[in-house]
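Chain residues, written in single-letter form:
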Amino acid sequence: MKIRTKMPLLIVLLVALPMLLLSIALYEYLSMNFIRKSQENIQRLVEIESERLMATFRLLIKQMELDANQKGVLSALEGEKDWIDIRTELFKACSHAGLQDIILKDKEGKVLFGNSSFNLNVKQLYEKNMDENTSISFDTNEKFYIRSGIYHNGIYAGELIYVYDHAIIARAMDRIRLGKTGYAYLLDYEGTLLYHPDHGRIGQKVENAYVKSVLDQIKKGEAIKQSGSFYEYRGKEKYGAVEILPEYDWVLVLTQDLYEIKGPARETRDIIFILWFVFTLIFVVIGIKFSDTITVPLHQLAKTMKEALNGSLFLFSTYKRKDEIGEVADAYNNLIEKLQSNYQELESLFEELSATDEELKAQYDEIQETVENLKLLQEKYSIAIEGTNSGIWEIRLKDDSIYISDEFRNIVGLHGNGSINIYWLLDEIIFSEDKEILMEEYLQLLKGKKEKIHIRVRIKDRNGEIKWILIVGKGIKNEKGEINTLNGIILDVTEQKRYEEYIEYLAYHDPLTQLPNRRMFLDKLSEEIHHGRKGAVMLLDLDNFKMINDTLGHVYGDEVLKKVSWLLGDLSEEKMFISRFGGDEFLILLSEPENICEIQQYAEKILSLFQEQLHVGEDVVYMTASMGITMYPNDASDIHQLIMNADTAMYKAKDAGKNKYVFFNHEMAAQLKNKIDVENILREALREDGFTLMYQPQVNIKTGYVDGFEALLRLKNYNVSPAVFIPVAEETGLIKEIGKWVIREAVSQMARWKAQGFDFKRIGINVSPKQLKEENFTAILQEILLEENLPPEYLEIEITESVVLDKTNDTIAIIENLKRLGVQIALDDFGTGYSSLSYLTFIPVDKIKLDKSLNDKFLGDGKVKVIDSLIALAHSLNLKVTAEGIEGMEQYKKLQKGGCDFIQGYFFSRPLTVQETENIYNKNFLQDMGL
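All figures in this text were calculated on a predicted structure; none of them were measured in a lab.

**Q** For this particular structure, what's the right way to read the sheet that holds strand 24 (residues 661–663)?
**A** Strand pairing in a sheet is mediated by backbone hydrogen bonds. Such pairs are either parallel or antiparallel. An order of 19-20-18-23-24 is seen for the 5 strands of this open sheet, with the pairing classed as mixed. Each having just a single partner strand, strand 19 (576–582) and strand 24 make up the two edges of the open sheet. Strand after strand, the sheet turns through a mean of 20° between neighbouring axes, direction not considered. By the bridge criterion, 7 bridges tie strand 18 (residues 535–542) to strand 20 (residues 585–591) in an arrangement that is antiparallel. Paired with G535 across the two strands is S591, which belongs to strand 20. Against the sheet, helix 13 (residues 518–530) engages strand 18, strand 19, strand 20 and strand 23 (625–632), with an angle of about 20° to strand 20. Packed onto the sheet, helix 16 (residues 596–608) meets strand 18, strand 19, strand 20, strand 23 and strand 24 and runs at close to 155° relative to strand 23.

**Q** Just checking my understanding: could you explain the layout of surface pockets for this structure?
**A** A water-sized probe, rolled over the atoms, reveals where empty space remains. Taken as a whole, the largest pocket spans an internal volume of roughly 950 Å³. Lining the largest pocket are 37 residues, with E710, L712, P722, N766 and D828 sitting closest to its centre. For the lining of the largest pocket, the elements supplying multiple residues, two or more each, are strand 26 (706–715), helix 19 (722–732), helix 20 (735–755), strand 27 (762–766), helix 21 (769–772) and strand 29 (824–830). For the lining of the largest pocket, a count of residues per class yields 16 nonpolar, 11 polar and 10 charged. The space that makes up the second largest pocket amounts to roughly 260 Å³. Sorting the residues of the lining of the second largest pocket by element identifies helix 17 (639–655), helix 18 (666–687) and helix 19 as the ones contributing at least two each.

**Q** How should the pattern of salt bridges be read in this particular structure?
**A** Opposite charge on two side chains lets them pair, provided their charged atoms get close. One pass over the full model with this rule turns up 35 salt bridges. In this structure, R201 engages E207 in a salt bridge whose closest nitrogen and oxygen atoms are separated by 3.8 Å. When its relative accessible area of 9% is taken as the criterion, R201 is described as buried. On the basis of relative accessibility, which here comes to 40%, the residue E207 falls in the partly exposed class. One salt bridge in this structure joins D257 and K238, with 2.5 Å as the shortest N-O distance. Of this pair, D257 sits in strand 11 (residues 250–257) while K238 sits in strand 10 (residues 236–245), and the two are 19 residues apart along the sequence. For K238, a relative accessible area of 6% translates into the label buried. Counted as one network, the salt bridges with shared partners bring together E710, E798, K849 and E884.

**Q** Got a minute to help me understand the sheet that holds strand 10 in this structure?
**A** Strand order across the open sheet formed by 5 strands is 8-7-11-10-9, with antiparallel pairing between neighbours. Each having just a single partner strand, strand 8 (193–195) and strand 9 (228–233) make up the two edges of the open sheet. Across the sheet, the axes of successive neighbouring strands diverge by a mean angle of 35°, strand direction being ignored. Sheet topology places strand 7 (residues 183–188) next to strand 11; 6 bridges connect them, and they run antiparallel. The residue of strand 11 that forms the bridge with Y183 is T255. This element, helix 4 (residues 167–174), spans strand 7, strand 8 and strand 11 of the sheet and lies at about 85° to strand 8. Most of the contacts of helix 5 (residues 209–219) go to strand 10, to which it runs at about 25°, and overall it touches strand 7, strand 9, strand 10 and strand 11.

**Q** Help me out: how do you make sense of empty space enclosed by the protein in this one?
**A** Taken as a whole and assessed by the stated rule, the structure comprises 2 cavities of 30 Å³ or more. What the largest cavity holds in volume is close to 220 Å³. Considering the residues around the largest cavity, the lining is formed by 18 residues, among which I402, I422, L426, L438 and I471 are closest to the centre. Every element with two or more residues in the lining of the largest cavity is listed here: strand 12 (390–396), strand 13 (401–404), helix 10 (422–429), helix 11 (432–446) and strand 16 (466–477). A total of 5 residues in the lining of the largest cavity trace back to one element, the largest contributor, which is helix 10.

**Q** Help me understand helix 19 in this model?
**A** Residues spaced three or four apart along an α-helix face the same direction, because each turn holds 3.6 residues. Every buried residue of helix 19 is accounted for by F725, V728 and A729. Looking down the long axis of helix 19, one finds its buried residues gathered within 100° of arc, a one-sided arrangement. More than 90 degrees from the buried face of helix 19, the exposed residues found are A723 and E731. Two to three positions downstream of the cap, the backbone nitrogen of A723 sits 3.1 Å from a side-chain oxygen, assigning the N-cap of helix 19 to S721.

**Q** Where do I start with a negative patch on the surface in this structure?
**A** A contiguous patch of negative charge, built from E324, E327, D330 and E337, is present on the exposed surface. By the secondary structure assignment, D330 is in helix 8 (residues 324–387).

The rules we used
- Residues numbered from 1 in each chain as written.
- Predicted model: local features only at pLDDT ≥ 70, side-chain atom pairs only at ≥ 80, totals over all residues.
- Heavy atoms only, no water.
- Pairing = 2+ DSSP bridges.
- Helix = DSSP H or I, 4+ residues; strand = E, 2+ residues; numbered from the N terminus.
- Axes fitted to C-alpha atoms, helices over the stretch in contact; angles between N-to-C directions.
- Contact = heavy atoms within 4.5 Å.
- 1 Å grid on protein atoms, 1.4 Å probe; cavity = no way out; pocket = protein on both sides within 12 Å on 5 of 7 lines; lining within 4 Å.
- Points joined across faces, edges and corners; volume = space filled by probe spheres on them.
- Nonpolar A, V, L, I, M, F, W, Y, C, P; charged D, E, K, R; others polar.
- Salt bridge = Lys/Arg side-chain N within 4 Å of Asp/Glu carboxyl O.
- Buried < 20%, exposed > 50% of the residue type's maximum accessible area, 1.4 Å probe, protein only.
- Arc of directions from axis to C-beta.
- Polar contact = N/O pair within 3.5 Å; in protein donor to acceptor, adjacent residues only side chain to side chain.
- Patch = residues over 30% accessible without salt bridge, like charges linked within 9 Å, V, L, I, M, F, W, Y side chains within 5 Å.
- Areas by Shrake-Rupley, 256 points an atom, 1.4 Å probe, with all protein chains shown as cover.
- Lys, Arg positive; Asp, Glu negative; His and termini not counted.
- Charge placed at Lys NZ, Arg CZ, Asp CG, Glu CD.

The structure is reproduced here in structure tokens:
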């Protein structure tokens, strides 16, 4: 058998057979696993549905007992009330569709109303006394009865009977489905079927041997050994699970065909065998391809060798792989190459002799070109030396003499053109401090510790002026490897040095005020801390400086900063180090104060500079400043932390009213860290969809139906109150982006509800003053409404009094633009802050929302007239009124009496999720609460 045939067969035996065995084992495992999972599902389902069934009957029995004890039923028995009215009222009170009749008997057994044929001459399948007054029974006509005795002053007065159709049980039982073959049925302890999907079997005895064994265990008072089991019924293997309902002496059975349970395992088996067949074919193809990688190259190599034997000595094998066949091919190719090389050597020898003459001619031409290049290079060198104001030098170590070029001689005013003693020259022209450094470099080079000299030193030129020169040189070694000569250049770098000094000055000074800058301050502070000194860092910030830049211009602002710098510079003394931090901020370092009182004295002295008017050119400016102070090492020893501490304290001073100083304490740092943490949470929520909206209903106080909702922002993954994160969002400016998200999400949710069949209901959205004053706020709002095709009148923008208090034309224009767009405007938090009824006359709002604090304060005894007056006044201005934060019945009644339009608060509902909102969307809260 050839290799090409053997290889595929071997691969199939080694791979396909183990895969087949593995597939069979996997099928068995999956089959067992699917059966086990189905057992667990069936058992769990029968437990859940038994609880649901018992709950249904408990509710029916409870309804019966409540109805039996009504005064009207007893009145009907005693003849005091028309029994037809009572029967009608009972039918209305009972909400179950399966109720077919209500029968009332007196104590003599006489039927007062109802169809008595329902319980006469009909065989009872089951009867159970729930207690001494109440019983439940089933008959063969697919009816069941709930009876309850009626007693008056402890004396039996009659009996009330509710007749139900099996439809109630059918709805509960038919809901229990497992696949196509699973179903549930109900029987009593005697084995009588009370309900079966095959209604013809109701009333018959159960045939299932497994269920019979369970009933036997119940009758014997034994514990149920197995709540589920496999069994065979009418030629089919099944699995059944039982659940005892001891309250009613019932057994709930849930069963499913074993063939259906094993269905997924069979499908998996078929897929596995298909995959096995496909992989077997693939491996056969791979085996054929693999065998070709061996047989084809061997065939080609044999063919090449045969042609070589026939005289084709220049024919090489093209096989290049690094394997055994490749080694044979390489050996063949090497043999051919050796034969070729012998022939080529003879040819190359002749060619070399011919090329020698041409090479000699080319070398001569190259020498001529080199001479020309050397002349050109010398000319360029002379130009470079003259243009850079530099010179060359050479030191001969044997006599310590130095040769310097004419260019350098002209700089220092030396005459002649011969060599000079090196030590004399150094003494004459180089500063003594620099000479020592130069000599050290010189000696390091001679000792071999350095490869070259590279140093800048000062000299005096022929006019006595100081110049900086750069000396660069290297040693030249003789045959013994010893340095005998030094060669190098001298470059005049005076201008470069001046630029460096100026750059260094700029690096440590503020170019506008000429004060030390932040970098120099940090170096100074670092030095103080390093030497273990005590002191204080003060960060001074000019109050409202931005207004000067915005109104008078940045050039004028720069003049103000220079004036302040000049005043601070006048205060500077040995203990104080003053610098400009940047913008309108200045850093002051106070070194080694005696105590905190001295620090306060300096702080007051600095702030006193701003008590007088500042003269800037021909103008007069009045300014104040705020200052934060931190002490080292008490507060921190890290320079950057100290700056942060001072900055934190400075902002505390601004928050406290400005024009003062505040000392840092660690509680400030904790507050700042908390604020930063909240800001990071908000940014993360914007990036990663971390916000959600809750909806609190606003209930019409007259109808009880939901008139609209207020959208309330919450964080999905963090338990942070809006009272905490909203102020941070306002302060950081994130409120604008968050506000856009809220509007878009609320409008989109309204559109989704409309698509689900819900009617439009108004949604209120809180809008920040910063967001409201955005240049394109109205345009953005209109774009979102158009995208979702939402009528604008169902969107309500809630603004706060802080917006209303700003009576600028711009603010009123923004609100009027929103009104023209068609949205509703509500004035939120009315009754807090600077509440004034006067602005309701010129701000075009549609509704006011009475704040919770106002309601809590004036809905008490004797103060409700204030609320009544506010409501009446609002109505006189054609404004609707919503009361927020209502939690109690008394508050509700007083607001209803006062004519309030809507109520929002926990009295009716807390804020709800979208799903919860849909559940109460069309709810009548007043009816539900019996109001």
